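# Chains, contacts and geometry: an overview
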Amino acid sequence: MSRIGQTFTALKAQNKKALIPFITAGDPGKGLTVPLMHALVESGADIIELGVPFSDPMADGPVIQRASERALANKVGLKDVLAMVAEFRKSNTTTPVVLMGYANPVEHMGYEAFAQAASAAGVDGVLTVDIPPEESAGVADVFKAHGLDPIFLLSPTTPESRIEQVAAVAGGFIYYVSLKGVTGSANLDTDEVARRIAMVRAHCSLPVGVGFGIRDAATAEAVARLADAVVVGSRIVGEIESAPEGECANRVRHLLADLRRGVDAASK
Ligand SMILES: O=P(O)(O)OC[C@@H](O)[C@@H](O)c1c[nH]c2ccccc12
């Protein structure tokens, strides 16, 4: 079983839901990502979603766009991100790492070469935002051949036929996007999310994670009641952006512990 599968199985046995924080690799500095990843784990992360910086991140709102800009200004590219994961793996062999990225840098490296390098670095899952449905099965096969879980996004507008198509090739977990909009949006409708998750579960036995618009312990708790995992990005990235120098890891620890309390309150 993959490290992601093991994590969900272990959590289920403890009647707990997964907390998945997102950060952009290389933000705020090249050398700060690995320490931040460890800080996330120490304060309650079950899985880390690590963003590969990209110049045209069309699914992202302003907060994560600015994080990408900072990381690109720090000259952080796909190879640097893989090196960060390898560095993280030197002292953590249990926490799964999911790379989130746009197809362009991966295509540039070549899917096969990328999958090989990502697997060697200790990556567990790959979420490529903008792979068209027609190509997703082929790409998923390449990832799986290297032991990487292909993670796909389903959104409020995904037709049922596409849910079936994704269910047939996805691995690790399904990422359900809670709202129509970009990362960092507000106004998550939990009733609607509950209905859509039921539809996803009817087609797929993988765990379901929910992200977009989860900003605090209360929303994290509400979503943890419905889903198997709660993904939080913009709120954490915003904290990184506004933290005074040297305070970044502490601020993130504090926020994550609060989100963890929210997630755990759902299973009490
Ligand atoms: O930022 P939010 O609203 O908390 O949503 C999570 C999200 O940031 C993270 O999973 C993510 C960052 N960039 C993405 C692009 C597509 C899908 C998901 C993502």
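Note that this is a predicted model, so its numbers are computed, not measured. (Residues numbered from 1 in each chain as written. Predicted model: local features only at pLDDT ≥ 70, side-chain atom pairs only at ≥ 80, totals over all residues. Heavy atoms only, no water.)

### Quick word on the site of the ligand
What surrounds the ligand is a group of 17 residues, the closest being Glu49, Asp60, Tyr175, Gly233 and Ser234. In the environment of the ligand, an oxygen atom lies 2.7 Å from a nitrogen or oxygen atom belonging to the side chain of Tyr175. Gly184 places a main-chain nitrogen or oxygen 2.8 Å from an oxygen atom of the ligand. Contact with the protein chains hides 99% of the accessible area of the ligand, taken as 440 Å² for the molecule alone. (Near = heavy atom within 4 Å. Polar contact = N/O pair within 3.5 Å; in protein donor to acceptor, adjacent residues only side chain to side chain. Areas by Shrake-Rupley, 256 points an atom, 1.4 Å probe, with all protein chains shown as cover.)

### Points about the nonpolar core
Core analysis: the largest hydrophobic core is formed by 87 residues, its most contacted members being Leu50, Leu99, Phe114 and Ile236. Residues within four places of Leu50 in sequence aside, it is in contact with Phe22, Ile23, Ala25, Thr33, Met37, Val81, Val85, Val97, Val98, Leu99 and Met100. (Core = buried A, V, L, I, M, F, W, Y, C linked by side-chain atoms within 4.5 Å. Buried < 20%, exposed > 50% of the residue type's maximum accessible area, 1.4 Å probe, protein only. Contact = heavy atoms within 4.5 Å.)

### Focus on the UniProt feature "active site" (unreviewed entry) in the protein chain
Taken from the UniProt record, the annotation "active site" (unreviewed entry) applies to Glu49 and Asp60. Here Glu49 lies in strand S2 (residues 48-51). Apart from residues lying up to four places away in sequence, Glu49 is in contact with Ile20, Pro21, Phe22, Ile23, Val98, Met100, Leu127, Tyr175 and Val231. In this structure, Asp60 sits in the loop between S2 and helix H3 (62-73). Relative accessible area serves as the criterion here: at 5%, Asp60 is assigned to the buried category. Discounting chain neighbours no more than four positions away, the residues touching Asp60 are Gln65, Met100, Tyr102, Val182 and Thr183. (UniProt positions renumbered as here; feature names shortened; annotations may be inferred. Helix = DSSP H or I, 4+ residues; strand = E, 2+ residues; numbered from the N terminus.)

### Details of the side chain of Asp60
In this structure Asp60 is buried but unpaired, with Arg70 as the nearest side chain of opposite charge at 12 Å. Among the polar contacts listed, one links the side chain of Asp60 to the side chain of Thr183, at a separation of 2.8 Å. (Lys, Arg positive; Asp, Glu negative; His and termini not counted. Salt bridge = Lys/Arg side-chain N within 4 Å of Asp/Glu carboxyl O.)

### Quick word on the environment of Ala103
Looking at where Ala103 falls in the secondary structure, it is placed in helix H5 (residues 103-109). Along the backbone, Ala103 and Ile131 are 28 residues apart, and their C-alpha atoms lie at a distance of 6.2 Å. Each residue touching Ala103, except ones within four places of it in the same chain, is listed here: Tyr111, Thr128, Asp130 and Ile131.

### Comments concerning the packing of aromatic side chains
According to the stated counting rule, one finds five aromatic pairs in the structure shown. Taking the centre distance of 6.3 Å and the plane angle of 55 degrees together, the rings of Tyr111 and Phe143 count as tilted. Of the two residues, Tyr111 is situated in helix H6 (residues 111-121) and Phe143 in helix H7 (residues 133-145); the sequence distance between them amounts to 32 residues. A relative accessible area of 2% means that Phe143 is categorised as buried. Relative to Phe212, the ring of Tyr175 lies with its centre 6.3 Å away and its plane at 90 degrees, an arrangement referred to as edge-to-face. Pair noted here: Tyr175 is in strand S7 (residues 174-177) and Phe212 is in the loop between strand S8 (208-211) and helix H10 (217-224), with a separation of 37 residues, a long-range link. (Phe/Tyr/Trp six-rings, centres within 6.5 Å; stacked < 30°, edge-to-face > 60°.)

### A few points about the confidence of the model for the protein chain
Any region with low pLDDT has predicted coordinates that should not be read closely. Confidence along the protein chain averages 96 in pLDDT terms, with 100% of residues attaining 70 or more. Complex prediction metrics read pTM 0.98 and ipTM 0.99. (pLDDT = per-residue confidence, 0-100.)

### Some words on the sheet that holds S8
Taken in spatial order, the nine strands line up as S5-S4-S3-S2-S1-S9-S8-S7-S6 in an open sheet, and their pairing is parallel. Two strands in the sheet have a free side with no partner beyond their single neighbour: strand S5 (149-151) and strand S6 (153-154). In this sheet, S7 lies alongside S6 in parallel orientation, the contact comprising two bridges. Bridged to Leu154 within S7 is Tyr176. Helix H4 (residues 78-89) contacts S2 and strand S3 (97-101) of the sheet and is inclined by roughly 170 degrees relative to S3. (Pairing = 2+ DSSP bridges. Axes fitted to C-alpha atoms, helices over the stretch in contact; angles between N-to-C directions.)

### With respect to the pattern of salt bridges
For side chains of opposite charge, pairing can occur when their charged atoms come near one another. Inspection of every chain in the model, using the stated rule, returns 15 salt bridges. A salt bridge links Glu221 to Arg225, with the shortest nitrogen-to-oxygen separation between them at 2.5 Å. The exposure class of Glu221 is partly exposed, given its relative accessible area of 24%. Looking at Arg225, the relative accessible area reads 47%, which means it is partly exposed.

### Some details on the pairing of strand S4 (residues 125-128)
Burial of S4 is two-sided: the residues Gly125 and Leu127 facing one way and the residues Val126 and Thr128 facing the other way are all buried. Here S3 runs beside S4; their pairing, made up of four bridges, is parallel. Paired with Met100 across the two strands is Leu127, which belongs to S4. Both S4 and S5 contribute to a ladder of three bridges, which runs parallel. The residue bridging Gly125 from the neighbouring strand is Asp149, located in S5.

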